[in-house]
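Per-entry structural report
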Amino acid sequence: MKHIVLIGGGSWISHLLTAFSSENDWKISAIIATGDSGWSSGIIRKSYDVPALGDIVKNLAALGGADAKWLRYRYRDGFLAGHTAGNVWLLGLIESYGFESGIKKAHTLLGYTKHSIIPVTSEVHDIVVRKKNNEIIVGEGPIVQTQDLAHNVAGISLTPRVSASADARAKILEADCIIIWPGTLYTSLIACLVPDGIIDAIKQSSAQKIYIANAANFPPGHCDGYTLEDYVSEIQNHTGISDFDHILAHDGTGIDTTLRIPVNRENNVEQMDVLTTPAHDIDGIYDSIKRNTLRHDGEKVARWIKKIFD
């Protein structure tokens, strides 16, 4: 059985998790960022001093399919308005058993014995972006709303400085394949790599290392005009990770030129049309409510990865 570790954007991992977890000969460990500062997650963070729960719950729900869709239910009225049932439920487990034990208890109660959702750290933190003019932006919400980050990020860190969970480090070292996953480049992907211990574990691991690039440039102002080489360069500049065994990039089919990520075909990059949503359904808007829906097709990506093991 192949142990595959996914690291990156929680929303994007959840979108593809069904296809990956349905592979009988794969064990999936998804390492999820916990620096979200908005909506239900942000309110619970401030009130209970716990890491962001939203993406953890989103991926627990993805593993369970239709039977776990109740985790994503969002209350509309009353004092719970805006909160998801899963966030409230998981908070109760964490308050009762502690953060890491509460997450494991959630897996047990949901009947998950093979695959796991792992918070990258159990410590509360905020994402910090330092621009090239030394302006500092703190918190995922304010960073996402900043629209002049393209080619303008000097550093990414977490405040306070936090350590990766022992479970996250162990899964990376045990992996047969580590996939750096699509997601908002600075606030999801790189932010999930910078807790102390993650980068060292990836570098020490003998697993195959794969980078799956975003299907398109987003959100506005973050990666405008970025090529695939720009994404790889930014990951290397901020994490030191560069020795990918494989890179999967979208071939640009059906994507508006303003969103498309150019690929230099001379660099021997694997390319595949894995777009799931027609381009005319994309309005390019990205904020805390309306997510860009240009996403990869999980089954196509899974088939591509299976070929690597054949």
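Presented here is an overview of the structure given in this document. (Residues numbered from 1 in each chain as written. Predicted model: local features only at pLDDT ≥ 70, side-chain atom pairs only at ≥ 80, totals over all residues. Heavy atoms only, no water.)

A few words now on the pattern of salt bridges. For the coordinates displayed, the defined rule picks out six salt bridges. Salt-bridge contacts for Asp148 lead to Lys131; the nearest nitrogen and oxygen are separated by 2.8 Å. Here the residue Asp148 occupies a position in the loop between helix 6 (140–145) and strand 6 (153–159), and Lys131 occupies one in strand 4 (residues 126–131), the gap between them amounting to 17 residues. The exposure class of Asp148 is partly exposed, given its relative accessible area of 36%. Lys131 gets classed as buried once you look at its relative accessible area, which sits at 3%. For Asp196, the salt bridge identified is with Arg161, shortest N-O distance 2.8 Å. A residue pair is termed long-range when its members are at least 10 positions apart, and Asp196 in the loop between helix 8 (185–189) and helix 9 (198–204) and Arg161 in the loop between strand 6 and helix 7 (166–174) qualify at 35 residues. With a relative accessible area of 29%, Asp196 lands in the partly exposed category. Judged by relative accessible area, Arg161 falls into the exposed class, the value being 68%. Shared partners join several salt bridges into a network, and the residues in it are Lys131, Glu135 and Asp148. (Salt bridge = Lys/Arg side-chain N within 4 Å of Asp/Glu carboxyl O. Helix = DSSP H or I, 4+ residues; strand = E, 2+ residues; numbered from the N terminus. Buried < 20%, exposed > 50% of the residue type's maximum accessible area, 1.4 Å probe, protein only.)

Our focus in this paragraph is the sheet that holds strand 10 (residues 270–272). Consider a sheet: its strands pair through backbone hydrogen bonds, and that pairing is either parallel or antiparallel. Strands sit in the order 3-2-1-7-8-9-10 across an open sheet of seven strands; the sheet is parallel. Of all the strands in the sheet, the pair left with one neighbour each is strand 3 (116–119) and strand 10. With direction set aside, neighbouring strand axes in the sheet form an average angle of 20°. Here strand 1 (residues 2–8) runs beside strand 2 (residues 26–32); their pairing, made up of seven bridges, is parallel. Within strand 2, the residue paired with Ile7 across the bridge is Ile31. (Pairing = 2+ DSSP bridges. Axes fitted to C-alpha atoms, helices over the stretch in contact; angles between N-to-C directions.)

On to the nonpolar core. Grouped together as the largest cluster of nonpolar side chains are 48 residues, with contacts concentrated most on Ile7, Ile31, Ile172, Ile180 and Tyr211. If we skip the residues at most four places from it in the chain, Ile31 touches Val5, Leu6, Ile7, Gly8, Ile13, Ile118, Val120, Ala168, Ile172 and Cys192. Ile4, Phe99, Ile210 and Ile305 belong to the second-largest nonpolar core, a separate cluster that totals 43 residues. (Core = buried A, V, L, I, M, F, W, Y, C linked by side-chain atoms within 4.5 Å. Contact = heavy atoms within 4.5 Å.)

Take the side chain of Ser40 next. For Ser40, the position within the fold is in helix 2 (residues 39–48). Polar side-chain contacts of Ser40 include one of 2.9 Å to the side chain of Asn87. (Polar contact = N/O pair within 3.5 Å; in protein donor to acceptor, adjacent residues only side chain to side chain.)

Taking a probe equal in size to a water molecule and rolling it over the atoms shows the remaining empty space. Reported here for the second largest pocket is a volume of approximately 270 Å³. The wall of the second largest pocket is formed by 20 residues, among which Ile103, Lys104, Ile117, Ile118 and Asp167 lie closest to the centre. Listed by contribution, the elements that provide at least two residues to the lining of the second largest pocket are helix 5 (99–110), strand 3 and helix 7. It is helix 5 that provides the largest number of residues to the lining of the second largest pocket, a total of five residues. Class assignment of the residues belonging to the lining of the second largest pocket gives a composition of seven nonpolar, seven polar and six charged. (1 Å grid on protein atoms, 1.4 Å probe; cavity = no way out; pocket = protein on both sides within 12 Å on 5 of 7 lines; lining within 4 Å. Points joined across faces, edges and corners; volume = space filled by probe spheres on them. Nonpolar A, V, L, I, M, F, W, Y, C, P; charged D, E, K, R; others polar.)

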